[in-house]
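Working through the structure, step by step
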Amino acid sequence: VTCSYKLASRRSLYNAKVLQTDHRQLDLSAARQNARVVVIGAGLSGLSAAQHLLSHGFRRTVVLEATDRYGGRINSQRFGDTFCELGAKWVRINGSQDSMYELLRNSEGLGKQIKLPERPTYVKAEPGQEIKPAMVDLIDSLFRQLCQGFKLTEAVKRGGDLQSLDNVMSYFKTESDLIIGASFHQPEEQQAAREIFQSLFKEFSSILGCCLEYVNIEHITKCPVQPDQRPIYVPTGLDNVVEELTQQLDKGQLQTGKPVGQIQWTPSQLKSVGCLDGSLYTADHIICTLPLGVLKSFASVLFRPTLPLDKMQAIRNLGFGNPLKIYLSYKKPIERWLKSSLRPLGTLLSPSFEPSLVERNWTQQVVAISQVPSSQHVLEVHVGGGYYDEIEKLPDDKLLDQITGLLRRCICKYKVPYPQELLRSNWSSSACYLGGRPFFSISSSARDVQRLAAPLGEQSPSLLFAGDATSLQGFGTIDAARSSGIREAQRIIDYYNNSVHCY
């Protein structure tokens, strides 16, 4: 009898535990299904967050997008005989689970290609003066070391003029002058080396979309900007990958044309997102993926109550650049007159060879002119340094005249045709973006990124922040956008998992 009693007690205890576990699972499932999550912004970060939440049972997730398209700064446009990217273009090979590469790798039936390395042709104005390939390779290798911060430790040890560590351009100029003095002895070689370094500086600035005098040296040490040597691209447009993220969202869960006017993030019972069309969305959790440029301009009026001082300070401190994209389409194949990517140097970049007549002109900041890999008829113009706002406002005909003039000076053949069409980005003048890519300004640091990314809310994560400016890993890239969206979605998931287990 005693044994039977003990066996029955054990069975009752086991059944009670099973029932308790079942109840917890039901509670967790119900909590997830009832949780209202509003994601602001249907860029890569917002869509990644929404997909992650939906795959974990958060069915009451809604994404609000201000414009009439989703994808954010992934914007592929059909142009000429190919697709051109007005925003992000290259995907870095990265095996981490939340990377853009993994998303692209899992996209079935989508064509992908690796960018093949190409040695550009550096062109000088002086006839017959050629740049030796060995010099180009050496300087390119040395510059990559500068980009990785290899020379920073040496600069600190040398002491003396620590002003060179104030910003990236000062650092680049100081170190490149030392390299040129040690590696090249003829005046002609030193001048050519100086111009090649200057071209590489502009290439670096074209990635960030700003003048390097504004960039903190910490950007190099904490978030290397060095371009991948063999990235992947999608010939039919990177927005095909974005399309994959929207498959789980129905029309009610992904709403475009919904610019946000107010974000009420506390107290808990009154959390909501109000749109300029008068619609109101109540929420338990709000994930904000607004671009840094928008936060800089509107954070003080968007959030109720006002964001904490340290977060507002982080938004003010971080820099926000405007990488520019320019594409030209031609009637006939361009390979007839363009044999390789061109990098103009020196006075070629000015409309006049006479120094007294040289005026401020955006073509002075042209880094390279190259054929789009998947096209026979389209050129891409890479622009560095400043002038971004001016170029966006420049009339099409004037821009086409000036770039055609530069091409004819580079090739020395005035048979270079006039383009049929022009396509260019306008991120800085778009009210929904107000710029393109974040960077560490001379008044900001890695701590500002962490402060911007920190969630708000006393008892639960009420207001969360995601986007390419909220992650040090891949800061300013599509990898940071995607991983940060998943990070904040997982933060909400973990909150419910922990709440049910503590119950």
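Residues numbered from 1 in each chain as written. Predicted model: local features only at pLDDT ≥ 70, side-chain atom pairs only at ≥ 80, totals over all residues. Heavy atoms only, no water.

**Notes on the overall build of the chain**
Within the chain, the regular secondary structure consists of 15 helices and 21 strands. Here the chain, with 503 residues, has 53% of them falling under the buried criterion. Residue pairs at least 24 apart in sequence account for 74% of intrachain contacts in the chain once pairs closer than 6 positions are excluded. Here the chain has roughly 23,900 Å² of accessible surface; of this, 51% comes from carbon and sulfur atoms. (Helix = DSSP H or I, 4+ residues; strand = E, 2+ residues; numbered from the N terminus. Buried < 20%, exposed > 50% of the residue type's maximum accessible area, 1.4 Å probe, protein only. Contact = heavy atoms within 4.5 Å. Areas by Shrake-Rupley, 256 points an atom, 1.4 Å probe, with all protein chains shown as cover.)

**Let's talk about the pairing of strand S10 (residues 272-275)**
Successive side chains on a regular strand alternate, one facing one side of the sheet and the next facing the other. Burial along S10 is two-sided: Ser272 and Gly274 facing one way and Val273 and Cys275 facing the other are all buried. Pairing analysis gives 4 bridges linking strand S9 (residues 260-264) to S10, with the strands arranged antiparallel. Pairing of Gln262 across the sheet is with Gly274, part of S10. Pairing of S10 with strand S11 (residues 280-282) involves 3 bridges; the strand directions are antiparallel. (Pairing = 2+ DSSP bridges.)

**Notes on the confidence of the model for the chain**
Confidence along the chain averages 86 in pLDDT terms, with 85% of residues attaining 70 or more. In the model, residues 353-359 has pLDDT below 50 throughout and makes 9 contacts with residues more than four positions away in sequence or in other chains. (pLDDT = per-residue confidence, 0-100.)

**So, helix H14 (residues 446-453)**
Within H14, the full set of buried residues consists of Ala446, Asp448, Val449, Leu452 and Ala453. In an axial view of H14, the angular spread of the buried residues amounts to 160°, which keeps them on one side of the axis. (Arc of directions from axis to C-beta.)

**A short note on the packing of helix H10 (residues 292-302) against helix H11 (residues 309-317)**
Between H10 and H11, whose axes approach to 9 Å, the crossing angle comes to 130°. Compared by their axis directions, H10 and H11 come out oblique. Every pair of crossing elements has a handedness; the one defined by H10 and H11 is left-handed. Contact residues: Leu292, Leu295, Lys296, Ala299 and Ser300 in H10; Met312, Ile315, Arg316 and Asn317 in H11. Across the contact of H10 with H11, the residue classes tally to 5 nonpolar, 2 polar and 2 charged. (Axes fitted to C-alpha atoms, helices over the stretch in contact; angles between N-to-C directions. Parallel < 35°, antiparallel > 145°, perpendicular 65-115°, else oblique. Left-handed = near helix turned anticlockwise from the far one by under 90°. Nonpolar A, V, L, I, M, F, W, Y, C, P; charged D, E, K, R; others polar.)

**Some words on the nonpolar core**
Among the nonpolar cores identified, the biggest contains 38 residues, and Met100, Leu238 and Ile287 are the most heavily contacted of them. Elements supplying a minimum of two residues to this core: strand S1 (37-40), helix H2 (44-55), helix H3 (100-105), helix H9 (239-245) and helix H15 (478-502). The residues contacting Leu238, other than those within four sequence positions of it, are Ile74, Ser76, Glu85, Ala88, Lys89, Val91, Met100 and Ile478. Within the second largest apolar cluster, 36 residues are counted, among which are Leu292, Leu302, Ala446 and Leu452. (Core = buried A, V, L, I, M, F, W, Y, C linked by side-chain atoms within 4.5 Å.)

**Quick word on helix H7 (residues 187-208)**
The end-to-end C-alpha distance of H7, which contains 22 residues, comes to 32 Å, matching closely the 32 Å that a straight helix rising 1.5 Å per residue would cover. Looking at the residues trailing H7, positive phi occurs at Gly209, about 75°. (Expected span 1.5 Å × (residues − 1).)

**Points about the packing of aromatic side chains**
In this description, an aromatic ring pair is defined by two values, namely the gap between the centres and the angle between the planes. Counted under the stated rule, the structure contains 13 aromatic pairs. Geometrically, the ring pair formed by Phe197 and Phe201 is tilted, given 6.0 Å between the ring centres and 35° between the ring planes. Of this pair, Phe197 and Phe201 are both found in helix H7, 4 residues apart, which corresponds to roughly one turn of the helix. Side by side, Phe197 and Phe201 carry an identical accessibility label, which is buried. Through a chain of ring-to-ring contacts, the aromatic side chains of Phe143, Tyr171, Phe172, Phe197, Phe201 and Phe204 assemble into a single cluster. A cation over an aromatic ring shows up here: Arg78 above the ring of Phe83, its NZ or CZ 5.0 Å from the ring centre. A cation over a ring is seen here: Lys115 above Trp90, with NZ or CZ 4.9 Å from the ring centre. (Phe/Tyr/Trp six-rings, centres within 6.5 Å; stacked < 30°, edge-to-face > 60°. Lys NZ or Arg CZ within 6 Å of the ring centre and 35° of its normal.)

**With respect to the sheet that holds strand S21 (residues 463-465)**
Taking strand neighbours across the sheet as the criterion, the 5 strands line up as S8-S2-S1-S12-S21 in an open arrangement whose pairing is parallel. Among the strands making up the open sheet, the edge pair consists of strand S8 (254-255) and S21. Two strands pair when backbone bridges link them, and S1 and strand S2 (residues 61-64) are joined in this way by 4 bridges, in the parallel orientation. Paired with Val37 across the two strands is Thr61, which belongs to S2. Relative to the sheet, H2 contacts S1, S2, S8 and strand S12 (285-288), its axis offset from that of S2 by approximately 170°.

**A closer look at the layout of surface pockets**
Here the second largest pocket defines a volume of roughly 360 Å³. Forming the boundary of the second largest pocket are 21 residues, of which Thr121, Tyr122, Val123, Ser340 and Leu342 lie nearest the centre. For the lining of the second largest pocket, the secondary-structure elements that each account for two or more residues are strand S6 (121-123), helix H4 (133-147) and helix H13 (396-411). Examining the composition of the lining of the second largest pocket, we find that 3 residues originate from one element, S6, more than from any other. Residues belonging to the lining of the second largest pocket are distributed by class as follows: 11 nonpolar, 3 polar and 7 charged. (1 Å grid on protein atoms, 1.4 Å probe; cavity = no way out; pocket = protein on both sides within 12 Å on 5 of 7 lines; lining within 4 Å. Points joined across faces, edges and corners; volume = space filled by probe spheres on them.)

**Considering the environment of Val63**
Inspection of the secondary structure puts Val63 in strand S2. Sequence separation of Val63 and Leu47 is 16 residues, and the distance between their C-alpha atoms is 7.6 Å. Excluding its chain neighbours within four sequence positions, the residues that come into contact with Val63 are Val39, Gly41, Ala42, Ala50, Leu249, Gln253, Leu254 and Gln255.

**Section: empty space enclosed by the protein**
According to the stated counting rule, one finds 1 cavity of 30 Å³ or more in the structure shown. Lining the largest cavity are Phe83, Cys84, Glu85, Lys89, Tyr233, Val234, Pro235, Tyr327, Val372, Pro373 and Ser374. Of all the elements, strand S4 (residues 82-85) adds the most residues to the lining of the largest cavity, at 3 residues. Looking at the lining of the largest cavity, its residues break down into 8 nonpolar, 1 polar and 2 charged.

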